[in-house]
Amino acid sequence: LYCNIVGNSISSNYNKPMVSVSYSNCASFISKLNELTGLSFNFPSKEQWEYAAKGGKYSLGFKYSGSNNPSDVAWYKSNTSSVQDVKQKSPNELGIYDMSGNVAEYTTTLYSSSYAYSYYYCGGSFNDTVTGVKATSQLYNSYSSDSYTDQTTIGYRLILTTN
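Along each chain, the written sequence defines residue order, and numbers are assigned to residues from 1. Local features in this predicted model are restricted to residues whose pLDDT is 70 or higher, and side-chain atom pairs enter the listing and the counts only when it is 80 or higher, whereas totals over whole chains, interfaces and linings include all residues. Water and hydrogen atoms play no part in the side-chain values, which are based on all heavy atoms of the structure.

Topic: the nonpolar core
In globular proteins that are soluble, nonpolar side chains generally tend to be buried together. The criterion is simple. A nonpolar core is a set of buried Ala, Val, Leu, Ile, Met, Phe, Trp, Tyr and Cys residues joined through side-chain atoms within 4.5 Å. Only protein chains enter the accessibility calculation, which uses a 1.4 Å probe; a residue whose area is less than 20% of its type maximum is buried, one above 50% is exposed, and one in between is partly exposed. Judged by nonpolar contacts, the single largest core of 18 residues is most densely connected at Y2, M18, C26, F29, F43, Y106 and Y156. Segments assigned H or I by DSSP are reported as helices when at least four residues long, segments assigned E as strands when at least two residues long, and all are numbered from the N terminus. Of all the secondary-structure elements, those providing two or more residues to this core are α1 (2-6), α2 (23-37), β2 (104-112) and β3 (117-122). Take this core: its biggest share by element is 5 residues, from α2. Listed in part, the 6 residues of the second largest apolar core include A52, M99, C122 and A135.

The structure is reproduced here in structure tokens:
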């Protein structure tokens, strides 16, 4: 979808999450998607992201998004060294896949420091330890939203706002 909307062929493997795109490139994609569809897509806030990762109102209180065993639901440093195809692990209580590990995901929640502004990203990636892929894992880039040193570990997840 990303490649079709922005006219870019960054990835030739459409079963993997979109990575190597900056926050501003993703925001531009969302703007174009909203214009084409007439709908209202966005990144989730870090609170919305965490609520969904924990299973929403169906939460069973798992540490990871859908299980207390990270290998059931997450690609992380102990079981891979690269981005994996989506939906290879079990989903969480809401039926959402890959919220723990594989790639961390941008949010709309702004982090501000004396250095610069940045956005939180959640869920951890294939390059994180087991601690980094918990459903409550929230990180931020301490430099700027477009200068994260390894964007191959960050992707995005969209939410659709309805009235």
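Quick word on the environment of N25
Position of N25 relative to the elements: it lies in helix α2. In the structure, N25 is positioned 23 residues away from Y2 in sequence and 10.0 Å away in space, judged by C-alpha atoms.

Re unusual backbone geometry
Residue S20 is not a glycine yet carries a positive backbone phi of 65 degrees. Secondary-structure assignment places S20 in the loop between α1 and α2. Exposure remark for S20: the relative accessible area of 38% places this residue in the partly exposed category. The phi dihedral of N102 falls on the positive side, at around 70 degrees, and the residue is not glycine. Mapping N102 onto the fold places it in the loop between α4 (70-73) and β2. The exposure class of N102 is buried, given its relative accessible area of 1%.

Focus on the packing of aromatic side chains
Geometry of aromatic contacts follows a simple scheme: Phe, Tyr and Trp rings, the Trp one being its six-membered ring, pair when their centres are within 6.5 Å, and the pair is stacked under 30 degrees between planes, edge-to-face over 60, tilted otherwise. Applying the stated rule across the entire model yields 8 aromatic pairs. Where Y23 meets Y119, the ring centres are 3.9 Å apart and the plane angle is 5 degrees; that geometry is what we call stacked. Placement of Y23 in helix α2 and of Y119 in strand β3 is noted, with a sequence separation of 96 residues between them. Since its relative accessible area comes to 9%, Y23 is described here as buried. Ring pairs connect the aromatic residues Y23, F43, Y106 and Y119, which therefore count as one cluster. The residue whose ring lies beneath K46 is Y120, and the NZ or CZ to ring-centre distance is 4.0 Å. Both a distance and an angle decide whether a charge sits over a ring: NZ of Lys or CZ of Arg must be within 6 Å of the ring centre and within 35 degrees of the ring normal.

A look at the confidence of the model for the protein chain
Known as pLDDT, the predictor's per-residue confidence is scaled from 0 to 100. On average, the protein chain scores 87 in pLDDT, and the residues at 70 or more come to 87%. Mean pLDDT across the secondary structure elements of the protein chain bottoms out at strand β4 (residues 138-140), with 69, and peaks at α4, with 98.

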